[in-house]
Structures are given as C-alpha cells and as structure tokens.
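Each chain is listed here by its residues.
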Amino acid sequence: MPGSSLIAQAAADGTTEVLGVLQDVLEYAGTIAFAISGAMLAARKRMDIAGVVVMGCIVGVGGGTLRDLLLGEVPVFWVASPTFILVAALTAIAAIPLHRAGMIQWSERYNLIVLSDAAGMALFVITSANVAFLAGASPISAAILGVIGGVGGGIIRDLLANEVPDVLRNGEYYATAAFVGALLYVALVELDLDPRAVFWIPIAVIFGIRVLSISRGWGVPVLSLEGGRADRTLDHPGEEPDRPR
C-alpha cells in the first residue's frame, strides 16, 4: 500500500541518518572479511594473482552489485564509490602474504574470519534491504534483495570456482539466517520503531543464528536421491549421516 511504502522509506531514511559514519565503517569491515574468503578460495584453486584479486572483489561487492542491478540503480554502488572495490582488491592482494606468514591461519584457528564473515553478511543483508526500501521496493522485495545482497557475492565466487555454491550445500543456517533477519527488518520497519532498533536487532539475530549454526552444528538436512528415495549424504566416507538440524 502507498502509505506502508512511505512509512518504510521514512524508516529507511531514519536508519541511514542515525547510523551515518558507523554504517560505512561496518560496510568496509564486511567487504574486507568477504574479500579474504574470496582470495583464499582462489589460492586453494591455484589461481594467479589476477584471479585472486578478481575473486576477492567479486565476494566483496558482488552481492551489492546484484542488488543494485535488480533495483535498476545505476551506476552500481562501487562505481559511484570506487573505494569499496579498491579496499576489496587491496585486501585480496594482502591476504596472500598474510597467509604465508600464518596470520590467516591464526585467525581461522580462533574463528575470527568466520565471525567476521557472519557479521559482514548480517550487515549487508540489512543495508541491502535498507537500500531497497529507499529505492521504493515493497517489504517482501526488500527482504529478498537483502538476502541477495548478503549472499550473492559468495554464490558468484563459487560458480566461478566451478563449485556448487556453499550457501546451497553446506547444511548450515546461512541463507536461512539471512532471510529470517531480512523479514525481521521489514517487520520492524513497518512497526515504525526507533531506527537504531530497526537496524541492530535484525543484525544481532542473523549473527546469532550463524554463530549457533557453526558452534552447535545446527542447520538444514543435506539430501540426495539414492535408490529412488531421499537419503542424507555423507560429506566424507566413514562419517555418520547428517542429522536433521
């Protein structure tokens, strides 16, 4: 309804105004976390330095690019603000010597990269939904575009690496967490709550679901069709089948 759309856009404007510089800082932090994951996959696939940079940039800005193209917002955000793609490219380049020095492995040992990825994804989901509202999208469309903004870069990365997108096969709550948070965001926007609550509550929910999924092994069943019926697959021989999580 027109009235609902006006309320949503007003709330989105309020969110952007309240957060200001903090939102920009968090967006850059998420870009760095995503760029590292893209660079590491490129290294595991034995790509050259150009491939490492491309993969880092795709994960860093890919989701937002898809969002802007679907909204018809051109030029896309990183063309208007090229600092984002510059940060992603420099991060990807820096990830290789950091990996050789053991810094990336140290971060992985303490789950710092996983936690940064979860925080970055949560942030991009909500900021993408916020951008969609500002562009005049309906609540459901804004939620869907929020999910695309959060997971789209990783999907493109995996397809370029000739892999099934991780978000579709690892059984963890990833896209599910993104969609729950996006729906919560649009619901809070419709309730016309304080912009800080509208922004931070869904981010905390997405981040919390991701952390619990990783730490507790919670997720969705991983299925395959074998012998004419749906069976849970094994990631590695000798492992127990995945339980419904």
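In this text, all values refer to a predicted model and were calculated from it rather than measured experimentally.

Enquirer: Please explain the environment of Ser138 as it appears in this structure.
Expert: Relative to the elements of secondary structure, Ser138 occurs in the loop between helix H7 (112-134) and helix H8 (139-160). Classification of Ser138 as partly exposed rests on a relative accessible area of 36%. A polar side-chain atom of Ser138 sits 3.0 Å from a polar atom in the side chain of Ser141.

Enquirer: Would you explain the packing of helix H3 (residues 49-71) against helix H5 (residues 83-100) in this entry?
Expert: Between two packed helices, what matters for the description is the angle formed by their axes and the separation of those axes. At their nearest, the axes of H3 and H5 sit 8 Å apart, and the two run at 135° to each other. In terms of orientation, H3 and H5 fall into the oblique class. Two packed elements cross with a definite hand, and for H3 against H5 that hand is right-handed. Residues Val52, Val53, Gly56, Cys57 and Val61 of H3 touch H5, and the partners they reach there are Phe84, Ile85, Ala88, Ala89, Ala92, Ile93 and Ile96. Per-class residue counts for the contact of H3 with H5 are 11 nonpolar, one polar and no charged.

Enquirer: Quick question: what am I supposed to make of the confidence of the model for the protein here?
Expert: It should be kept in mind that the predicted coordinates are not to be read in detail where pLDDT is low. Within the protein, residue pLDDT values average 80, and 78% of them lie at 70 or more. Mean pLDDT across the elements of the protein bottoms out in strand S2 (residues 229-232) (46) and peaks in helix H9 (residues 175-190) (92). Low pLDDT (under 50) marks residues 228-245, which in the prediction has 32 contacts with non-local residues, meaning those over four places away or in another chain.

Enquirer: Just to check I follow, could you spell out helix H10 (residues 195-216) for this structure?
Expert: Counting along an α-helix, one turn takes 3.6 residues, and residues three or four places apart therefore face a common direction. For H10, built from 22 residues, the straight-helix expectation of 32 Å at 1.5 Å per residue is met to within 8% by its first-to-last C-alpha distance of 32 Å. Those residues of H10 that fall on the buried side of the exposure criterion are Pro195, Val198, Phe199, Pro202, Ile203, Ile206, Arg210 and Ser213. Looking down the long axis of H10, one finds its buried residues gathered within 105° of arc, a one-sided arrangement. The outward face of H10, more than 90 degrees from its buried face, is lined by the exposed residues Ser215 and Arg216. Taken from the residues just after H10, Gly217 is the one with a positive phi, measuring 75°.

Enquirer: Explain the pattern of salt bridges to me, please; I cannot follow it from the model alone.
Expert: Where charged atoms from two side chains of opposite charge approach closely, those side chains can pair. Applying the stated criterion across every chain, the model contains four salt bridges. Residue Glu163 pairs with Lys45 through a salt bridge whose shortest N-O separation is 3.2 Å. In this pair, Glu163 sits in the loop between H8 and H9 while Lys45 sits in the loop between helix H2 (21-44) and H3, placing the two residues 118 residues apart along the sequence. Classification of Glu163 as partly exposed rests on a relative accessible area of 24%. A salt bridge links Arg157 to Asp158; the shortest N-O distance between them is 2.9 Å. The class of Arg157 is buried, set by a relative accessible area of 14%.

Enquirer: Is there a simple way to think about a nonpolar patch on the surface in this case?
Expert: A grouping of Ile49, Leu86, Leu90 and Ile93 is seen on the molecular surface, where their side chains present a nonpolar patch of about 380 Å² in accessible area. Sort the elements by how many residues they give to the nonpolar patch and H5 lands first, with three residues. The topology assignment puts Leu90 in helix H5.

Enquirer: What is the right way to read the nonpolar core from this model?
Expert: Across soluble globular proteins, you tend to see nonpolar side chains buried next to one another. Counting residues in each nonpolar core, the largest one holds 30 residues, and the members touching the most others are Met121, Val125, Ile126, Val151, Tyr185 and Ile206. Looking at this core, the elements with two or more residues in it are H7, H8, H9 and H10. For this core, the element with the most residues is H7, which contributes nine residues. Setting aside its immediate chain neighbours within four residues, Val125 contacts Gly146, Val147, Gly150, Ala178, Ala182 and Ile206. Core analysis: the next-biggest nonpolar cluster, separate from the first, contains 11 residues, Leu41, Ala95, Ile96 and Ala161 among them.

Conventions adopted
- Residues numbered from 1 in each chain as written.
- Predicted model: local features only at pLDDT ≥ 70, side-chain atom pairs only at ≥ 80, totals over all residues.
- Heavy atoms only, no water.
- Helix = DSSP H or I, 4+ residues; strand = E, 2+ residues; numbered from the N terminus.
- Buried < 20%, exposed > 50% of the residue type's maximum accessible area, 1.4 Å probe, protein only.
- Polar contact = N/O pair within 3.5 Å; in protein donor to acceptor, adjacent residues only side chain to side chain.
- Axes fitted to C-alpha atoms, helices over the stretch in contact; angles between N-to-C directions.
- Parallel < 35°, antiparallel > 145°, perpendicular 65-115°, else oblique.
- Left-handed = near helix turned anticlockwise from the far one by under 90°.
- Contact = heavy atoms within 4.5 Å.
- Nonpolar A, V, L, I, M, F, W, Y, C, P; charged D, E, K, R; others polar.
- pLDDT = per-residue confidence, 0-100.
- Expected span 1.5 Å × (residues − 1).
- Arc of directions from axis to C-beta.
- Salt bridge = Lys/Arg side-chain N within 4 Å of Asp/Glu carboxyl O.
- Patch = residues over 30% accessible without salt bridge, like charges linked within 9 Å, V, L, I, M, F, W, Y side chains within 5 Å.
- Areas by Shrake-Rupley, 256 points an atom, 1.4 Å probe, with all protein chains shown as cover.
- Core = buried A, V, L, I, M, F, W, Y, C linked by side-chain atoms within 4.5 Å.

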